Amino acid sequence: MLLKGVNDDVETMKQLVHALMRMRVRPYYLYHCDPVRGSEHMRTTIEKGLEIIEGLRGHTSGLAIPQYVIDAPGGGGKVPVNPQYLLAYDRAGGRARLRNFQGREFDYHERMPDAEVARQKAAAAAAGASKWAHRGFARDGQ
């Protein structure tokens, strides 16, 4: 449970998840506090929860990063809330714009350009030929 003034900063949460991992307990969920009467003084913002999750990523083991969830009202269940790392996605073109935990942005292509495919095939073929040449074998049984 994410609680204001108790575990609502990155350093405290990092110490907590590391201690849990040392005890062989995986921190599975980080619950955002429900808006119930009498708990307002213990509640923090969703933005603070996202800041904590983002502060853990890249600075601790992925196993030690809990899933930040909000229990949706009316029986909606646990809804995962994550920092925005997928900035844009072009399904038709197979391209994505990504942001890492440091804020750096990258373009990702689901399909390699034809020139890159050809380069990798040539490199693999050359590696395969040299792999067998020292044993006196010709490539592909030749």
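Residues numbered from 1 in each chain as written. Predicted model: local features only at pLDDT ≥ 70, side-chain atom pairs only at ≥ 80, totals over all residues. Heavy atoms only, no water.

*Asks:* Please clarify how the overall build of the protein chain should be interpreted in this entry.
*Replies:* The helix and strand inventory of the protein chain stands at 3 helices and 6 strands. Each helix and strand of the protein chain, ordered N terminal to C terminal, gives the series α-β-α-β-β-β-β-β-α. Relative to a compact globule of 142 residues, whose C-alpha radius of gyration would be 14 Å, the protein chain shows 24 Å and is clearly more extended. Seen along its three principal axes, the alpha-carbon backbone of the protein chain occupies a region of about 80 × 40 × 30 Å. Sorting the 142 residues of the protein chain into buried and exposed places 22% on the buried side. Put simply, of all contacts in the protein chain between residues at least 6 apart along the chain, 47% involve residues at least 24 apart. (Helix = DSSP H or I, 4+ residues; strand = E, 2+ residues; numbered from the N terminus. Rg over C-alpha atoms; globule rule 2.2 N^0.38 Å. Buried < 20%, exposed > 50% of the residue type's maximum accessible area, 1.4 Å probe, protein only. Contact = heavy atoms within 4.5 Å.)

*Asks:* Explain helix α1 (residues 10-22) to me, please; I cannot follow it from the model alone.
*Replies:* An α-helical segment advances 3.6 residues per turn. Residues three or four places apart therefore align on the same side. If you check α1, its first and last C-alpha atoms are 18 Å apart, about what 13 residues at 1.5 Å a residue would give, namely 18 Å. All buried positions along α1 are accounted for by Met13, Lys14 and Val17. The buried residues of α1 all sit within an arc of 105° when viewed along its axis, so they share a single face. Looking at the buried positions of α1, the neighbouring elements they touch are β1 (29-31) and α2 (46-56). For α1, the N-terminal cap is Asp9; the gap from its side-chain oxygen to the backbone nitrogen of Glu11 is 3.3 Å. Positive phi shows up at Arg24, right after α1, with a value of about 65°. (Expected span 1.5 Å × (residues − 1). Arc of directions from axis to C-beta. Polar contact = N/O pair within 3.5 Å; in protein donor to acceptor, adjacent residues only side chain to side chain.)

*Asks:* Which parts of the structure should I look at to understand the packing of aromatic side chains?
*Replies:* The description of an aromatic ring pair rests on the distance of the ring centres and on the angle between the ring planes. In this structure the tally under the stated criterion is 2 aromatic pairs. Look at Tyr28 and Tyr29: their rings are 4.7 Å apart centre to centre, the planes differ by 70°, and that puts the pair in the edge-to-face class. When its relative accessible area of 52% is taken as the criterion, Tyr28 is described as exposed. Here Tyr29 and Tyr31 contribute two aromatic rings whose centre-to-centre distance is 5.4 Å and whose plane-to-plane angle is 55°, an arrangement assigned as tilted. Here Tyr31 falls in the partly exposed class, since its relative accessible area comes to 28%. Three or more aromatic residues joined by ring pairs form one cluster here, namely Tyr28, Tyr29 and Tyr31. (Phe/Tyr/Trp six-rings, centres within 6.5 Å; stacked < 30°, edge-to-face > 60°.)

*Asks:* Which parts of the structure should I look at to understand the packing of α1 against α2?
*Replies:* Two quantities define a packed helix pair, namely the angle between the axes and the distance from one axis to the other. Relative to each other, α1 and α2 sit at 60°, their axes nearing to 9 Å. The angle between the axes of α1 and α2 places the two elements in the oblique class. Here α1 and α2 pass one another in a crossing that is right-handed. For the pair α1 and α2, the contacting residues are Val10, Met13, Lys14 and Val17 in the first and Glu51, Ile52, Gly55 and Leu56 in the second. Considering only residue class, the contact of α1 with α2 consists of 5 nonpolar, 1 polar and 2 charged. (Axes fitted to C-alpha atoms, helices over the stretch in contact; angles between N-to-C directions. Parallel < 35°, antiparallel > 145°, perpendicular 65-115°, else oblique. Left-handed = near helix turned anticlockwise from the far one by under 90°. Nonpolar A, V, L, I, M, F, W, Y, C, P; charged D, E, K, R; others polar.)

*Asks:* What's the story with the sheet that holds strand β3 (residues 77-80) in this structure? I'm lost.
*Replies:* Strand pairing in a sheet is mediated by backbone hydrogen bonds. Such pairs are either parallel or antiparallel. Overall, mixed pairing links the 3 strands, which are arranged β1-β2-β3 in an open sheet. The open sheet is flanked by β1 and β3, the only strands paired with a single partner. Pairs of neighbouring strands in the sheet enclose a mean axial angle of 45°, with direction left out of account. (Pairing = 2+ DSSP bridges.)

Any functional reading would require information beyond the geometric quantities listed.
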